[in-house]
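Chain by chain, the residues run as shown.
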Amino acid sequence: MQIERPRGGGLIGVRVLGLELLRFRLLRFRLLSVRPLVAAGVAVAAAAAAVAAEEAPALRYSAPVVVSQPAPFVQLPLPVSVYAHSRQPGLADLRLLDAGGQRVPFALLAPRDDAVQAREQLQSAKLYALPPGPVGTSLPSSLELVVQGDRISLRQRGGVAAAGSARPTVHPGAGWLFDLGERAADQAPPQRLRLRWSGPAEFSAGFTIDSSDNLRQWRRGGSGQLMALASSNGALTQPLVMLDGAPGRFVRLVWADAGHAPVLTGADAIVDQPESVQRDALTELRLNASVAAPSAGDAAAARALQIDLGGVLPLRQLDLALPAGTQVIPLRVQQRSRDNEPWREAAQAVIYRIERDGAVSRSPPVALNLHTRYLRLLPDGRAPAIDATTTPVILRAALARLVFATQGTPPYRLLVGAADAKGATPGALPIETLVPKLDDERARFGRAELGAFTEQAEVAQQVARDEALAAWRPRLLWAVLLVGVLGLGLMVWRLARSRPS
């Protein structure tokens, strides 16, 4: 093995290599000394974030809850002021506390949709006694059919008026003929007949029915039983004759046994008219609109009315209280949730008030399904502008009711108004969780009213400090970045000076 000695430049190379190793060790020492500080800062920040997430949100406004009708479950109708003071979507920042500051469980109950029910509409029917003997398809000789244009009427021969205005001739006949009257094309047919009789006190009589539009062609309509029973609690009767889905104008009733049949004195045709029944009333708001501010490039905005609801409300109907006189106003309804958002189309409608012969007819309310705070009404350019001073805006909103269990120590208070509720436990429970057998419990709900809101000074001061800090936060960030750049530049400069020439 041969060992070569370094030549003349070997000593200089060893010195340069030693300086580089020394510089690397210094840099490594600096990084290792900074790393524990960085890790500690990250840990402190994470712990602070976790504590902040577990803390309850700071609620700025408080209002007393006065229970006027005690019950195990009490409902509190929420006024517009609750929506105006809330800072979270869906009233997520609501809290209910008792006198000791403990949370009281509650749920939010929205108004139920309207239900459709059938209402009985009675129409008097004329009736004619059928003579005894077998019933054929021809008209009985005691009746005369009178046709006048498109109108058809029946009358007893010899000028006797039809039953309904006078009592019919009574005899043990085969049955009865009912004239239900003319019906318009859009009018619903009757579903049943309700009969009246004068005796006997007790009977049971079977029958069959047929129907016809012209007293010539008949179609089978089924069968039934009339009944009357006397009892100590009063008479029990079954006076209904069920009709098929599309009965004709004339209905023929034939007794199974005329000897046991009652003596009829009148009949009413029953039509079931569906109608909407309001289960939970909407909250009506009567507001005065303001003239919208002029907008560059939007000439129609100068004639628009703008409404600030104070908070995001669930709107269902809109109307205008038009002044006296005949007025027709086609308009567009626009909405937005924040004042810096663009307007969005919500509905189009024609609102009118027409006076004719001393009577006034008005347009139905405009149907809405919105969650919004701002509304703008834009009348058509071919219609006059709306006078905001004489035309209030009528809104109907589906404001929620707060239902709570009366546990804890009264009096209660409602808190709302958290600017930041991220990570906090939601305030409301599902209504099915809070109230078992809700449908049975609704009628037994108690009643409570909400007082005026007051601002909590400590929370207001904290909010002011947070807002000031938020205003300074961009400047502090730029300052930290600048200090970091200067520190990095200083490190580069020191490393550059430490290099050998």
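Residues numbered from 1 in each chain as written. Predicted model: local features only at pLDDT ≥ 70, side-chain atom pairs only at ≥ 80, totals over all residues. Heavy atoms only, no water.

1. Regarding the overall build of the chain
The criterion, for reference: Numbering of helices and strands runs from the N terminus, with a helix taken as a DSSP run of H or I at least four residues long and a strand as a DSSP run of E at least two residues long. Partly exposed describes any residue whose relative accessible area lies between the buried limit of under 20% and the exposed limit of over 50%, with all areas from a 1.4 Å probe on protein chains only and scaled to the type maximum. In what follows, a contact means two residues having at least one pair of non-hydrogen atoms within 4.5 Å. For every accessible area listed, the method is Shrake-Rupley and the probe measures 1.4 Å; residues are considered covered only by the protein chains on display.
Each helix and strand in the chain was counted, giving five helices and 27 strands. Taking all 501 residues of the chain together, 34% fall into the buried category. Intrachain contacts of the chain at a sequence separation of at least 6 include 80% that bridge at least 24 residues. Counting only carbon and sulfur atoms, one obtains 56% of the accessible surface of the chain, whose full area is about 30,600 Å².

2. Some details on a nonpolar patch on the surface
Under the convention used in this document: Exposure above 30% relative accessible area and no salt bridge define the residues that can form patches, which grow by joining like charges within 9 Å and nonpolar side chains of Val, Leu, Ile, Met, Phe, Trp and Tyr within 5 Å. Salt bridges, as used here, are contacts in which a Lys or Arg side-chain nitrogen is within 4 Å of a carboxyl oxygen on Asp or Glu.
The grouping of Met227, Leu229 and Leu236 at the surface amounts to a nonpolar patch, some 250 Å² of accessible area in total. If you trace the backbone, Met227 turns up in strand 11 (residues 219-229).

3. Section: the packing of aromatic side chains
Spelled out, the test is: Pairs were defined over the aromatic rings of Phe, Tyr and Trp, the Trp ring being its six-membered one, requiring ring centres within 6.5 Å. Orientation was assigned from the angle between planes: stacked under 30 degrees, edge-to-face over 60, tilted for the rest. Put simply, a charge is over a ring when the Lys NZ or the Arg CZ is close to the ring centre, within 6 Å, and near the line of the ring normal, within 35 degrees.
Within the structure shown, the criterion is met by two aromatic pairs. Aromatic side chains Trp197 and Phe203 sit 5.1 Å apart centroid to centroid with 85 degrees between the ring planes, which places their arrangement in the edge-to-face category. Its relative accessible area of 7% is what places Phe203 among the buried residues. The ring of Trp218 has Arg252 sitting right over it, with the charged end atom 4.1 Å from the ring centre. The positively charged end of Arg336 is found above the aromatic ring belonging to Tyr374, 5.9 Å away from the centroid.

4. Focus on the side chain of Arg442
Tracing the sequence through the fold places Arg442 in the loop between helix 4 (438-441) and strand 26 (446-450). Not counting chain neighbours up to four residues away, the residues in contact with Arg442 comprise Leu109, Arg112, Asp280 and Arg401.

5. Digging into the environment of Glu275
Considering the arrangement of structural elements, one finds Glu275 in strand 15 (residues 264-277). Separated by 161 residues in sequence, Glu275 and Asp114 have C-alpha atoms that sit 9.8 Å apart.

6. Observations concerning the pattern of salt bridges
In the structure shown here, the tally under the stated rule is 21 salt bridges. Glu182 is the partner of Arg249 in a salt bridge, and the nearest nitrogen-oxygen pair spans 3.8 Å. Highlighted residues: Arg249 in the loop between strand 13 (240-242) and strand 14 (250-255) and Glu182 in the loop between strand 8 (175-179) and strand 9 (192-197), separated in sequence by 67 residues. The exposure class of Glu182 is partly exposed, given its relative accessible area of 43%. Where Asp213 meets Arg219, a salt bridge forms, and the shortest distance between an N and an O atom there is 3.7 Å. Taken together, the shared-partner salt bridges connect Glu120, Arg192, Arg194 and Asp272 into one network.

7. Quick word on the environment of Gln306
Looking at the secondary structure, you find Gln306 in strand 18 (residues 305-320). The exposure class assigned to Gln306 is partly exposed, which follows from its relative accessible area of 21%. In sequence terms Gln306 and Ser290 are 16 residues apart; their C-alpha atoms lie 5.3 Å from each other.

8. Thoughts on the nonpolar core
Heads up, the condition is: What is meant by a nonpolar core is a set of buried Ala, Val, Leu, Ile, Met, Phe, Trp, Tyr and Cys residues, joined one to another through side-chain atoms within 4.5 Å.
Grouped together as the largest cluster of nonpolar side chains are 49 residues, with contacts concentrated most on Val65, Leu78, Leu94, Leu96, Leu318, Leu402 and Phe404. Broken down by element, this core gets its largest block of residues, seven residues, from strand 18. Apart from the residues within four sequence positions on either side, Phe404 is in contact with Val65, Val67, Pro72, Phe73, Val74, Leu96, Val104, Pro105, Phe106, Tyr412 and Leu434. Formed by 24 residues, the second largest nonpolar core is a distinct cluster that contains Ala205, Phe207, Ile209 and Leu243.

9. Quick word on the pairing of strand 11
Quick note on the threshold: At least two DSSP bridges between two strands are needed for those strands to be called paired.
One ladder, built from nine bridges, connects strand 10 (residues 203-212) with strand 11; its direction is antiparallel. Bridging from a neighbouring strand, Ala205 pairs with Leu226 of strand 11. The hairpin turn running from strand 10 into strand 11, its antiparallel successor, is six residues long, and Leu215 in that turn takes a positive phi close to 65 degrees. Inspection of the sheet shows strand 11 paired to strand 12 (residues 236-238) by three bridges, in the antiparallel sense. Directly across from Leu229, in strand 12, lies its bridge partner Leu236. The antiparallel hairpin formed by strand 11 and strand 12 contains six residues in its connecting segment, where Gly234 sits at a positive phi of about 120 degrees.

10. Points about the side chain of Gln334
Note the following rule: Polar contacts, as used here, are pairs of N or O atoms within 3.5 Å; protein pairs need one atom able to donate a hydrogen and one able to accept it. Residues neighboring in sequence count only if both atoms are side-chain atoms.
Looking at the secondary structure, you find Gln334 in strand 19 (residues 327-336). Within the structure, the side chain of Gln334 is placed 2.7 Å from the side chain of Glu345, a separation counted as a polar contact. Polar contacts involving the side chain of Gln334 include one to the side chain of Arg376, which spans 2.7 Å. Aside from chain neighbours lying at most four places away, what touches Gln334 is Trp343, Arg344, Glu345, Ala346, Tyr374, Leu375, Arg376 and Leu378.

11. Structural notes on unusual backbone geometry
Here Pro410 and Pro411 are connected by a cis peptide whose omega angle stands at 5 degrees. Mapped onto the secondary structure, Pro411 falls in the loop between strand 24 (401-405) and strand 25 (412-416). Even without a glycine there, the phi angle at Leu215 is positive, about 65 degrees. Along the chain, Leu215 falls in the loop between strand 10 and strand 11. Leu215 sits in the buried class, given a relative accessible area of 5%. Of note, Lys437 is a non-glycine position whose phi angle comes to about 55 degrees, a positive value. As for its position among the elements, Lys437 is in the loop between helix 3 (431-434) and helix 4.

12. Focus: the confidence of the model for the chain
For the record, the criterion: For every residue, the predictor reports its confidence as pLDDT, a number between 0 and 100.
Considering every residue of the chain, the mean pLDDT works out to 79; 73% of them sit at 70 or more. Contacts of residues 1-17 to residues separated by more than four positions or lying in other chains number zero contacts, the stretch itself having pLDDT below 50. The low-confidence segment residues 159-172 (pLDDT under 50) makes 20 contacts with residues lying over four places distant or belonging to another chain.

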